[in-house]
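Survey of secondary and tertiary structure
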Amino acid sequence: MNVKAGKPTGLVAATFTPLSEQGEINLSQIKPYVAYLIEKQSVKRVFVNGTTGEGMSLSVKERKALAEEWCHQGNNRLEQVIVHVGCMSLKDSQELARHAVTTGAHGIAVISPSFLKPSSVDSLKLYLKEVAMAAPSLPFYYYHLPAVTGVNLAARDVLEGIEKQIPSFRGVKFSGTDLLDLGLCVSYCPAHWSVLYGVDEQLLGGLAMGACGAVGSTYNYIGLINNKMLALFEGGDLTTAREIEELADMIKTGVVFYDAGFSLQFKIQAVMSDLFKLGFDLPMNKQLMSEVSGINLGPPRLPLQPCDPLPIATSALSLQRLHHILDSSSGQKS
């Protein structure tokens, strides 16, 4: 076995799945989607068929087609395409893992089954091992999302000795909010593994705890903002980095404070005053990406329902103004 793909760092966009109005996957939108991420957001790594991509609502056939198209359109353009292959069925997960090898994917990730759940760390690790063995040449990542799966096993416990069972293991997509568990994972992981944080609004906290990058849905359309924050953090400018993160948080919460202020932070926040104050869920997130990017992502798949378009259009306009201010203020320091 020879696992060659490089270590993912920085921002990884958890991609949305384009659907037609009839609810069928729309592969024609992947090419402009790739171009948008690279040219407009400076994001060159993607995580396909995960939660944001409604992977569990897609058939195995659909997930294969999406993986193929993302790898095809990303060839020599995207730096890394990680394909999520987790399913409720072990056999389906193994089939998707084997298929990922043929697509040219740079890695695979697996979330825990969440209907019939593993009752212990050992049973979860055995499941992960069985999937990884179907694609031993690809880097393998555990996708930790306890709030959705209901599998409340500490990620650090899952990592214990896992490299002996899964030689291709290369890290964890940590989408929990337990920073103690996150820190223990960072402490345990060798240098060639990746700990990718998956809670967008807490990115700076994850970086401070030692995460080497992040996977998230909002990096599809505010990747540029978060890339600025990453650069500031890496350069040691935590004060300005915090201001940028506060801005990103407002996009999700709709909570905006305006001061007649003099810093870039306040200039940016001023244009956020008309942002939505509705609950932030996947349908709203997907529609917002469509409005900001101009990519026709279509509706979510049932049982999810499309959201009200009016507040989304208003929010999208605010985001476009936000990017304009950031671009024109590039290099300023608050």
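Structure report, in brief.

Conventions and cut-offs
Note on numbering: residues in each chain are counted from 1, in written sequence order. Predicted model: local features are reported for residues with pLDDT of at least 70 only, side-chain atom pairs are reported and counted for 80 or more only, and whole-chain, interface and lining totals are derived from all residues. Side-chain descriptors were evaluated using all non-hydrogen atoms of the structure, hydrogens and water having been removed beforehand. In plain words, nonpolar cores are sets of buried Ala, Val, Leu, Ile, Met, Phe, Trp, Tyr and Cys residues tied together by side-chain atoms within 4.5 Å. Each residue gets one of three labels from its accessible area relative to the maximum for its type: buried under 20%, exposed over 50%, partly exposed in between, using a 1.4 Å probe on protein chains only. In what follows, a contact means two residues having at least one pair of non-hydrogen atoms within 4.5 Å. Helix axes use the C-alpha atoms of the stretch in contact, all axes being lines fitted to C-alpha atoms, and the angles between their N-to-C directions lie in the range 0 to 180 degrees. Helix and strand assignments come from DSSP, with helices taken as H or I runs of at least 4 residues and strands as E runs of at least 2, each series counted from the N terminus. An angle below 35 degrees is read as roughly parallel, one above 145 as roughly antiparallel, one from 65 to 115 as roughly perpendicular, and any other as oblique. Definitions for this section: a left-handed crossing has its near helix turned counterclockwise from the far helix by less than a right angle. A right-handed crossing has that turn clockwise. Only Asp, Glu, Lys and Arg are considered charged, only Ala, Val, Leu, Ile, Met, Phe, Trp, Tyr, Cys and Pro nonpolar, and every remaining residue, Gly among them, polar. What makes two strands pair is DSSP finding at least two bridges between them. Whenever two N or O atoms come within 3.5 Å, that pair is a polar contact, provided that in protein one can donate a hydrogen and the other can accept it, and provided that, for residues adjacent in sequence, both atoms are side-chain atoms. For crossovers, right-handed means that the path from the first strand over the helix to the second runs clockwise, given strands pointing away from the viewer.

**What to know about the nonpolar core**
If you look at the biggest cluster of nonpolar residues, it comprises 75 residues, and the most contacted ones within it are Trp-70, Leu-128 and Phe-140. The contacts of Trp-70, once residues within four sequence positions are left out, are Thr-15, Ile-30, Tyr-33, Val-34, Leu-37, Val-46, Val-48, Leu-78 and Val-81. Val-12, Ile-111, Leu-145 and Val-215 belong to the second-largest nonpolar core, a separate cluster that totals 11 residues.

**Details of the packing of helix H1 (residues 30-41) against helix H10 (residues 219-234)**
Geometrically, a packed helix pair is captured by the angle between its two axes and the distance between the axes. Interaxial distance between H1 and H10 falls to 9 Å at its minimum, and their mutual angle equals 20 degrees. The pairing of H1 with H10 is recorded here as roughly parallel in orientation. Crossing hand, H1 versus H10: right-handed. Residues Tyr-33, Tyr-36, Leu-37, Lys-40 and Gln-41 of H1 pack against Tyr-219, Asn-220, Tyr-221, Ile-222, Gly-223, Leu-224 and Asn-227 of H10. For the contact of H1 with H10, the class distribution of residues is seven nonpolar, four polar and one charged.

**Topic: the pairing of strand S4 (residues 107-111)**
Two faces make up the sheet, and in a regular strand the side chains alternate between them. Counting buried positions over the five residues of S4 gives five, a clear majority of the element. With burial as the criterion, each face of S4 is covered, one bearing Gly-107, Ala-109 and Ile-111 and the other bearing Ile-108 and Val-110. Pairing geometry for strand S3 (residues 80-84) and S4, over three bridges, is parallel. The partner of His-84 across the bridge, within S4, is Ala-109.

**Here's the deal with helix H8 (residues 179-188)**
All of the buried residues along H8 are Asp-181, Leu-182, Gly-183 and Cys-185. Next to the buried residues of H8 lie strand S5 (140-144), helix H6 (155-159), strand S6 (169-174), strand S7 (194-197) and helix H9 (203-208). Between the side-chain oxygen of the N-cap and the backbone nitrogen of Leu-180 there are 3.0 Å, and the N-cap of H8 in question is Asp-178.

**A look at the pairing of strand S1 (residues 10-14)**
For S1, the buried fraction is high: five of the five residues fall into the buried class. Of the strand pairs in this sheet, S1 and strand S8 (residues 213-216) are connected by four bridges, and their pairing is parallel. Paired with Leu-11 across the bridge in S8 is Ala-214. Both S1 and strand S2 (residues 45-48) contribute to a ladder of two bridges, which runs parallel. In the sheet register, Ala-13 faces S2, and the bridge partner there is Val-46. One crossover worth recording links S1 to the parallel S2 by way of H1, and it is right-handed.

**A short note on the packing of H1 against helix H2 (residues 60-74)**
Closest axis-to-axis distance for the H1/H2 pair is 9 Å, and the angle between their directions is 50 degrees. Relative to H2, the element H1 lies oblique. The hand of the H1/H2 crossing is right-handed. In contact with Ile-30, Lys-31, Tyr-33, Val-34 and Leu-37 of H1, H2 contributes Leu-66, Glu-69, Trp-70 and Gln-73. Along the lines of polarity and charge, the residues of the contact of H1 with H2 split into six nonpolar, one polar and two charged.

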